[in-house]
Amino acid sequence: MDYFWDLFFSGLTRGSIYALIALGYTMVYGIIELINFAHGEIYMLGAFTGLIVAGICSVLGLSLISTLVLAIVIAMIYASAYGVTVERIAYRPLRNAPRLSPLISAIGMSIFLQNYVLLAQTSKFVPFPNLIPDFAFMQPFEDFIGPSELVIIVVTAVAMTVLTLFIKYTKIGKAMRATAQNRKMALLCGVNVDHVISMTFIIGSALAALGGVLIGSYMGQINFFIGFIAGIKAFTAAVLGGIGSIPGAVLGGLILGWTESFATGYVSSDYQDVFAFCLLVLILIFRPAGILGRTNTKKV
Amino acid sequence: MKFVSKVFSLMVCFCLVAGSVFAQDTLKIGVAGPYSGDLASYGIPTANAVKLVAKKINAKGGVLGKKVEVIAVDDQCKPELATNVATKLVSEGVVGVIGHICSGATKAALPIYKDARLVVISSASTNPALTESGEYPNFFRTIAPDDAQARLDVDFVLNRLHAKKIAIIHDKGDYGKGLAMMEKKFIEESGKAKVILFEGVTPGAIDYSAVVQKIKRNRPDVVMFGGYHPEAAKIVTTMRRKRLKVPFIAGDGVRDVSFIKVAGRYAEGVYASGPRDVSSNPEYKEALAEYQKAFHGKPGPFFENGYAAAEALLNAIEQSKSTKYEDIVKALRTKYVSTPLGKIKFDSKGDAEGVGFSVYQVRGGKFVEVK
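Residues numbered from 1 in each chain as written. Chains lettered and ligands numbered in written order. Predicted model: local features only at pLDDT ≥ 70, side-chain atom pairs only at ≥ 80, totals over all residues. Heavy atoms only, no water.

## Things to note about the overall build of chain A
Thinking step 1. Counting its regular elements, chain A contains 11 helices and 2 strands.
Thinking step 2. Ordered by position in the sequence, the α and β elements of chain A form the string α-α-α-α-β-α-α-α-α-β-α-α-α.
Thinking step 3. Computed over its C-alpha atoms, the radius of gyration of chain A comes to 19 Å, within 12% of the 19 Å expected for a compact globule of 300 residues.
Thinking step 4. Its C-alpha atoms put chain A at 55 × 45 × 40 Å along the principal axes.
Thinking step 5. In chain A, buried positions account for 53% of the 300 residues.
Thinking step 6. Of all intrachain contacts in chain A linking residues separated by at least 6 positions in sequence, the fraction that spans at least 24 positions is 77%.
Thinking step 7. Surface accessibility of chain A: about 13500 Å² in total, with carbon and sulfur atoms responsible for 71%.
Thinking step 8. Of note, chain A has its 17 positive side-chain charges centred 23 Å away from the centre of its 13 negative side-chain charges. (Helix = DSSP H or I, 4+ residues; strand = E, 2+ residues; numbered from the N terminus. Rg over C-alpha atoms; globule rule 2.2 N^0.38 Å. Buried < 20%, exposed > 50% of the residue type's maximum accessible area, 1.4 Å probe, protein only. Contact = heavy atoms within 4.5 Å. Areas by Shrake-Rupley, 256 points an atom, 1.4 Å probe, with all protein chains shown as cover. Lys, Arg positive; Asp, Glu negative; His and termini not counted. Charge placed at Lys NZ, Arg CZ, Asp CG, Glu CD.)

## Side note on the pairing of strand β8 (residues 222-226) of chain B
All names here are of chain B.
Thinking step 1. Of all 5 residues that make up β8, 5 are buried, and the element is covered over most of its length.
Thinking step 2. Of the two faces of β8, the one carrying Val222, Met224 and Gly226 and the one carrying Val223 and Phe225 are both buried.
Thinking step 3. Bridge count for strand β6 (residues 165-170) against β8 is 5 bridges, and the pairing is parallel. Paired with Ala167 across the two strands is Val223, which belongs to β8.
Thinking step 4. Two elements, β8 and strand β9 (residues 248-250), share 3 bridges in a ladder whose sense is parallel. Bridge pairing links Met224 to Ile249 in β9.
Thinking step 5. In terms of handedness, the path from β8 via helix α9 (residues 229-241) over to β9 forms a crossover that is right-handed. (Pairing = 2+ DSSP bridges. Right-handed = clockwise from strand over helix to strand, strands pointing away.)

## Describing the side chain of Thr131 of chain B
All names here are of chain B.
Thinking step 1. Position of Thr131 relative to the elements: it lies in helix α5 (residues 129-132).
Thinking step 2. Separated by 2.7 Å, the side chains of Thr131 and Arg141 make a polar contact.
Thinking step 3. Those residues in contact with Thr131 that sit more than four places away from it in its chain are Phe139, Arg141, Lys349, Gly350 and Asp351. (Polar contact = N/O pair within 3.5 Å; in protein donor to acceptor, adjacent residues only side chain to side chain.)

## A short note on the state of the cysteines
Residue and element names in this part refer to chain B.
Thinking step 1. Taken as a whole and judged by the stated rule, the model has 1 disulfide over all chains.
Thinking step 2. At a sulfur-sulfur separation of 1.8 Å, the disulfide partner of Cys77 is Cys102. Where Cys77 bonds to Cys102 through sulfur, the torsion about that S-S bond is close to 70 degrees, and the disulfide is right-handed. Within this pair, whereas Cys77 is found in the loop between β2 (67-74) and α3 (79-92), its partner Cys102 is found in the loop between β3 (96-98) and α4 (103-115), the two being separated by 25 residues in sequence. This pair shows no difference in class: Cys77 is buried, exactly as Cys102 is. (Disulfide = S-S within 2.5 Å.)

## Re the domain arrangement of chain B
Thinking step 1. Each domain of chain B was delimited in the assignment, giving domain 1 (2-145 + 280-344) and domain 2 (148-276 + 357-369).
Thinking step 2. Taking only C-alpha atoms into account, the centre of domain 1 of chain B sits 39 Å from that of domain 2 of chain B. (Domains from an automatic or database assignment.)

## Examining the interface of chain A and chain B
Thinking step 1. Listed by partner, the interface residues are 35 residues for chain A and 30 residues for chain B.
Thinking step 2. Taken together, both faces of the contact between chain A and chain B bury some 2700 Å²; the carbon and sulfur share is 48%.
Thinking step 3. Counting across the chain A and chain B interface gives 2 salt bridges.
Thinking step 4. Where Arg14 of chain A meets Asp207 of chain B, a salt bridge forms, and the shortest distance between an N and an O atom there is 2.5 Å.
Thinking step 5. At the boundary of chain A with chain B, the tally comes to 10 residue pairs in polar contact (both at pLDDT 80 or more).
Thinking step 6. At the level of secondary structure, the elements contributing two or more residues to the side of chain A that touches chain B comprise α1 (2-32), β1 (126-127), α5 (147-169), α8 (193-219), α9 (226-241), α10 (246-267) and α11 (272-286) of chain A.
Thinking step 7. The element contributing the most residues to the side of chain A that touches chain B is α1 of chain A, with 7 residues. (Buried area = accessible area lost by both parts, 1.4 Å probe. Salt bridge = Lys/Arg side-chain N within 4 Å of Asp/Glu carboxyl O.)

## Quick look at the pattern of salt bridges
If the charged atoms of two oppositely charged side chains come close together, the side chains can form a pair.
Thinking step 1. The full count for this structure, using the stated rule, is 17 salt bridges over all chains.
Thinking step 2. Connected via shared salt-bridge partners are Arg14, Lys233, Glu260 and Asp273 of chain A together with Asp207 of chain B.

## Section: unusual backbone geometry
Thinking step 1. Of the consecutive residues Gly99 of chain B and His100 of chain B, the connecting peptide bond is found in the cis state with omega at -10 degrees.
Thinking step 2. With respect to the helices and strands, the residue His100 of chain B is situated in the loop between β3 and α4.
Thinking step 3. Although it is not a glycine, Glu33 of chain A sits at a positive phi angle of roughly 55 degrees.
Thinking step 4. In this fold, Glu33 of chain A is placed in the loop between α1 and α2 (39-60).
Thinking step 5. Overall, Glu33 of chain A belongs to the partly exposed group, its relative accessible area being 25%.
Thinking step 6. In this model, Cys77 of chain B sits at a positive phi of 70 degrees, which is unusual for a non-glycine residue.

## Some words on the nonpolar core
Thinking step 1. Ranked by internal contacts, the top residues of the largest apolar core, which has 87 residues, are Ile17, Tyr43, Tyr91 and Ile222 of chain A.
Thinking step 2. The biggest single contributor to this core is α8 of chain A, with 14 residues.
Thinking step 3. Ranked by size, the runner-up nonpolar core spans 42 residues in total, among them Val31, Ala54, Phe303 and Val329 of chain B. (Core = buried A, V, L, I, M, F, W, Y, C linked by side-chain atoms within 4.5 Å.)

## Observations concerning the packing of aromatic side chains
Thinking step 1. Within this structure, the stated rule accounts for 25 aromatic pairs over all chains.
Thinking step 2. Between Phe4 of chain A and Trp5 of chain A, the aromatic rings sit 5.4 Å apart at their centres with planes inclined by 80 degrees, giving edge-to-face as the arrangement.
Thinking step 3. Among the residues examined, Phe4 of chain A registers a relative accessible area of 28% and is labelled partly exposed.
Thinking step 4. With a centroid separation of 5.2 Å and an interplanar angle of 70 degrees, the aromatic rings of Phe140 of chain B and Phe346 of chain B are classed as edge-to-face. Taken together, the residues Phe140 of chain B in strand β5 (residues 139-141) and Phe346 of chain B in the loop between β12 (342-344) and β13 (357-363) connect sequence positions 206 residues apart.
Thinking step 5. Exposure remark for Phe140 of chain B: the relative accessible area of 0% places this residue in the buried category.
Thinking step 6. Take Phe346 of chain B: its relative accessible area is 2%, and that puts it in the buried class.
Thinking step 7. Ring-pair connections join several aromatic residues into one group, and the members of that group are Tyr3, Phe4, Trp5, Phe8, Phe9, Trp258, Phe262 and Tyr266 of chain A.
Thinking step 8. The side chain of Arg151 of chain B reaches across the aromatic face of Phe186 of chain B, ending 4.2 Å from its centre.
Thinking step 9. For Lys184 of chain B, the ring lying beneath its charged end belongs to Phe198 of chain B, and the centroid distance is 5.1 Å. (Phe/Tyr/Trp six-rings, centres within 6.5 Å; stacked < 30°, edge-to-face > 60°. Lys NZ or Arg CZ within 6 Å of the ring centre and 35° of its normal.)

Structure follows, in structure tokens:
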């Protein structure tokens, strides 16, 4: 049974990161029906920003906790700026273009950002310091779950609760829901749609950067290409949960994380992706819009 | 009487000198490899090395009183050309051949040399079957076969670490999985230990904690890894954080400073095999200096192997005082020769002993050779 919990927590950790990134995909899709392929790169940029901030903090001699908080906050701000800029440059001019155009523009942005980091930083893996301290109270549980895993799970849970409350109870949250339902109608009712879309990119990018810093610290290394696989997996999670649905992205991320973890643990890690994608195919056969997605006949 | 003896001895001396000149008795050795085409850069260094060795030995008076003559022929790494050039070398009457370079060409040419009873020493053909099949008793090589690394790692794990239960993890790639499969085969053949886990991981995944939990549950004595350093660093880091302290051993894909840089303190104690470093060997430095005097720039791949092959062949002829096939083979197998690769002789299969890989361990942030 211990083994089960080991795998459960390792799946939960991985699933939390998938969920954090998947939220960005799903929110953007919900509002402008665009699959933002550059989102994985925002995650990677967040991780690199976190690394640079951590380097500066260690020169200044700050404590581990304040370094972690600063790295996360600055990475979130910086990545949000990137997210908004990408939207302004690559998607906004194509807002009324055929749906394929922004998609191609997104792929272009993804390639551009990867190569930008490759040239500006390095092509090699760079070490990422462990920013998460070894908590004393964690000692008895460390066989199941390490401090890094606990921090990832807790931070993700908090971020998602805050996001849900934000969307439910704030004015801008309400505007987001309105825009998602019907952009034209929201516009007519006086909602500043451009502002709402920018806000969506800010939130999505900030969450991806949060995931990037946490996983960088957990794995201890990053390079310019980490966004690709993380992006593909998170996109899968978003589709699995129902793209456009926020609880769906979280659920999809966790299910994907657990599937991979249990497939590795009980079958073989060779087949981890086989199980993950078989599950995706099965769910899409029975629920074409994903687990929590609403079938919107109008959009088909 | 005195006068007669003086004249007689003079005549004898003259005859001796004339004999060695007029008999045009040179010792021909063949060199075969690609000297044109896309793989030329693999063949030319060996040919240059053989010429340098011949020049060096000729300056000292040659072998068995004869000057060494090098006949280089181009096989372009193509098996069909290799058989042609082999026939040519045989008809030229060479005493031995250095080559060929590509395993495919070597394999095609070997039966011809075998029938002609000629010794062949390759500087670059790494296909394991060339020596291990036992079909070619005339074949030797001064480079380690492809599976030497797996053999060395398995030997180290079984005999130095005394492991009984071994977990093997690989990255599903050609290099990583290939190495892991050979290791698995050798462990099973030895019968001394069991492979309790054989798993592939996806390179670039965001974490490896599930597979590490699985390793932990199976309680291996040693974890062997086939793959490159980024994944190795992630797996070792996760293992050590989960307080799994079993030894970790990988191949030359991990013996890279960036592994130590990335894995930091978690890299300490990790074993990785890699090609033995010969650059500090005085013989190697000499050969390099000779090269730079005769040619310019860097010698290129397999130069030191080619140099060692030529030295081994000529040394065997010198030591056995014969150019007969049996005598050369015997000398190659029994007499040590000092070469840029170190002091070598050949085992009964034809692989050079003491050539190839060493196991290194990370100690104090550096790879240190394990003796």
